[in-house]
Amino acid sequence: MKPIQRIHHISATVADPNENLYFYRDVLGLRLVKQTINFENKAMYHLYFANEQVDPGSVITFFPHEENPIGRVGAGQVRRIAFRVPKNTLHYWETYLNKQAVAYTEDTLFQKSALFFQDPHHLHLALVEAEETREDQQIIGLHGVELLSSDPIYTLEFLMQEMGLLLHKMTPKYYYLKMRGVEGQEVLIHRKFTKRGRLGIGTVHHIAWSVPDKESLKSWEETIAAHYPITAIQNRQYFYSAYFKDPGQIIYELATDGPGFTVDESLATLGSTLMLPDQYEEERADIERNLPKLNL
Ligand code: ZN
């Protein structure tokens, strides 16, 4: 099997859907590319955001609901999600975040200059500068994640040996890993022990790793199943996937690149309408009545 090349998407739990929409679309400038429901809970949206072209490695999704439990960031979770912005734009973003009244701190992440801030539901985010220049300052995609593992050495071994990520540096505090895709996405594992986290508002639920197609997903599922419990392959409408936990208790998903977000909407109109899988279409009126109205 080909080693993992990139992150397919990251999914997090948050509260009010309109606060979520406002922040990621209007403040960070991402595009809402899919409005659908949580397939496990029809009273909850599942909102997908990406860059304008919906490039691979740029998708972040949310399960927003006021009544989600409050989360606590800790071991077995993602500590922080980093987005990549073009070279020499961090100063622009500082001014811009100030204007938007988003509090930030200057820091370093993946040994690059970074801005640290939180979304309205206290999810920890960062912007880091890419090597590439662009004509605009917009977010290019996901750059990587900081992981808090219940067992950092096992998470490291798992990501290297099973998933094919490359170790490029080790310091007393962190392991630095790189993915092989053209995006050069990175993963940083904290080596220090952290108290166990609790899933809920303000925390990442899972990271989905990209696999090319259903056949390779099946091979991955068999390989992982030899050592760890993994769910059956599920149809997620825009991809097929299976979920499991790494030895450090972090939830992962393996997700196919296809069929993709244009399976039920055109590229130009992505995100404009509530999309439901066929089995829920006849309940559409009820489902829509139970969901808060989005400020589109
Ligand atoms: Zn997912």
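All chains use their own residue numbering, which begins from 1 and follows the written sequence. Totals for whole chains, interfaces and linings use every residue, but because this is a predicted model, local features are given only for residues with pLDDT of at least 70 and side-chain atom pairs only at 80 or more, for both listing and counting. Excluded from the side-chain calculation are hydrogens and water; included are all heavy atoms of the structure.

Focus: helix H4 (residues 214-225)
Line of reasoning, step 1. Secondary structure counts use DSSP, requiring at least four H or I residues in a row for a helix and at least two E residues in a row for a strand, with both numbered from the N terminus. In a helix, the anticipated span is given by 1.5 Å times the number of residues less one. Here H4 is 12 residues long and its end C-alpha atoms lie 16 Å apart, about the 16 Å a rise of 1.5 Å per residue gives.
Line of reasoning, step 2. Buried residues of H4: Ser-216, Leu-217, Trp-220, Glu-221 and Ile-224, and no others. When H4 is viewed along its axis, its buried side chains cluster within an angular range of 145° and face the same direction.
Line of reasoning, step 3. By the convention used here, residues are in contact when the closest approach between their heavy atoms is within 4.5 Å. The secondary structure elements touched by the buried residues of H4 are helix H3 (152-162), strand S13 (203-211), strand S15 (239-245) and strand S16 (251-259). Relative accessibility decides the category of a residue: with a 1.4 Å probe and only protein chains considered, values under 20% of the type maximum give buried, values over 50% give exposed, and everything between is partly exposed. As used here, the arc is the angular range of directions from the helix axis to the C-beta atoms.

A closer look at H3
Line of reasoning, step 1. All of the buried residues in H3 are Pro-152, Thr-155, Leu-156, Phe-158 and Leu-159. Here the buried residues of H3 occupy an arc of 165° about the axis, which is enough to place them on one side.

Brief notes about the packing of aromatic side chains
Line of reasoning, step 1. Stacked, edge-to-face and tilted labels apply to pairs of Phe, Tyr and Trp rings (six-membered ring for Trp) whose centres lie within 6.5 Å, assigned for plane angles under 30 degrees, over 60, and everything in between, in that order. For the structure on display, the rule yields 18 aromatic pairs.
Line of reasoning, step 2. With 5.3 Å between their ring centres and 65° between their planes, Tyr-48 and Phe-261 make a pair best called edge-to-face. One end of the pair, Tyr-48, is in strand S3 (residues 41-50); the other, Phe-261, is in the loop between S16 and helix H5 (278-281), and 213 residues separate them in sequence.
Line of reasoning, step 3. Both rings, one in Phe-49 and one in Phe-62, keep their centres 5.9 Å apart while their planes meet at 70°; by these two values the pair is edge-to-face. Taken together, the positions of Phe-49 in strand S3 and Phe-62 in strand S4 (residues 59-64) put the pair 13 residues apart, joining distant regions of the chain.
Line of reasoning, step 4. The class of Phe-49 is buried, set by a relative accessible area of 0%.
Line of reasoning, step 5. One aromatic cluster is present, built from ring pairs that chain together Phe-23, Tyr-24, Phe-49, Phe-62 and Phe-117.
Line of reasoning, step 6. Here, a charge over a ring is recorded when the distance from Lys NZ or Arg CZ to the ring centre is within 6 Å and its angle to the ring normal is within 35 degrees. Arg-80 extends its terminal NZ or CZ atom over the ring of Phe-116, reaching a point 3.7 Å from the ring centre.
Line of reasoning, step 7. The ring centre of Tyr-240 lies 4.1 Å from the NZ or CZ of Lys-214, which sits over that ring.

Things to note about the pairing of strand S6 (residues 104-109)
Line of reasoning, step 1. A pair of strands is treated as paired once DSSP finds two or more bridges between them. Inspection of the sheet shows S6 paired to strand S7 (residues 112-118) by 6 bridges, in the antiparallel sense. Directly across from Tyr-104, in S7, lies its bridge partner Phe-117.
Line of reasoning, step 2. Turn length for the S6-S7 hairpin, with the two strands adjacent in sequence and antiparallel, is 2 residues, and the turn residue Phe-110 shows positive phi of about 50°.

Quick notes on the sheet that holds strand S8 (residues 124-129)
Line of reasoning, step 1. As summarised here, the arrangement of the 8 strands in space is S6-S7-S8-S5-S9-S12-S11-S10, forming an open sheet in which the pairing is mixed. Each of the sheet's edge strands pairs with one partner strand only, and the pair in question is S6 and strand S10 (166-170). Neighbour-to-neighbour, the strand axes of this sheet turn through a mean angle of 30°, independent of strand direction.
Line of reasoning, step 2. Sheet topology places S10 next to strand S11 (residues 174-178); 4 bridges connect them, and they run antiparallel. Its bridge partner lying in S11, Lys-169 is registered against Tyr-176. Here the axes come from fitting lines to C-alpha atoms, over the contacting stretch only for helices, and the angles between their N-to-C directions go from 0 to 180 degrees.

Quick notes on the coordination of the zinc ion
Line of reasoning, step 1. Think of the donor list as every N, O and S atom within 2.8 Å of the metal, or within 3.2 Å for Na, K and Ca; water never makes the list, so a site can look incomplete. Looking at the metal site, the zinc ion is ligated by His-9 (NE2), His-206 (NE2) and Glu-253 (OE), spaced 2.0 Å from it.
Line of reasoning, step 2. Counting along the primary sequence, the residues that act as donors to the zinc ion give the motif H-x196-H-x46-E. Taken together, the positions of His-9 in strand S1 (residues 7-14) and His-206 in strand S13 put the pair 197 residues apart, joining distant regions of the chain. As far as the burial class goes, His-9 and His-206 line up, both buried.

Quick look at the environment of Val-263
Line of reasoning, step 1. With respect to the secondary-structure elements, Val-263 resides in the loop between S16 and H5.
Line of reasoning, step 2. The spacing of Val-263 and Gln-237 is 26 residues in sequence and 8.1 Å in space, taken between C-alpha atoms.
Line of reasoning, step 3. Contacts of Val-263, omitting those with residues within four sequence positions, involve Gln-237 and Tyr-238.

Considerations on the pairing of strand S2 (residues 31-38)
Line of reasoning, step 1. The buried count for S2 comes to 8 of 8 residues, which makes it a mostly enclosed element.
Line of reasoning, step 2. For S2 and S3, the ladder comprises 7 bridges, and the chain directions are antiparallel. Paired with Ile-37 across the strands is Tyr-45, a residue of S3.

Section: the environment of Ser-113
Line of reasoning, step 1. Looking at the secondary structure, you find Ser-113 in strand S7.
Line of reasoning, step 2. When the C-alpha positions of Ser-113 and Glu-129 are compared, they lie 6.8 Å apart, and in sequence the two are 16 residues distant.
Line of reasoning, step 3. Not counting residues up to four positions away in its chain, the partners in contact with Ser-113 are Leu-90, Asp-107, Thr-108, Leu-127, Val-128 and Glu-129.

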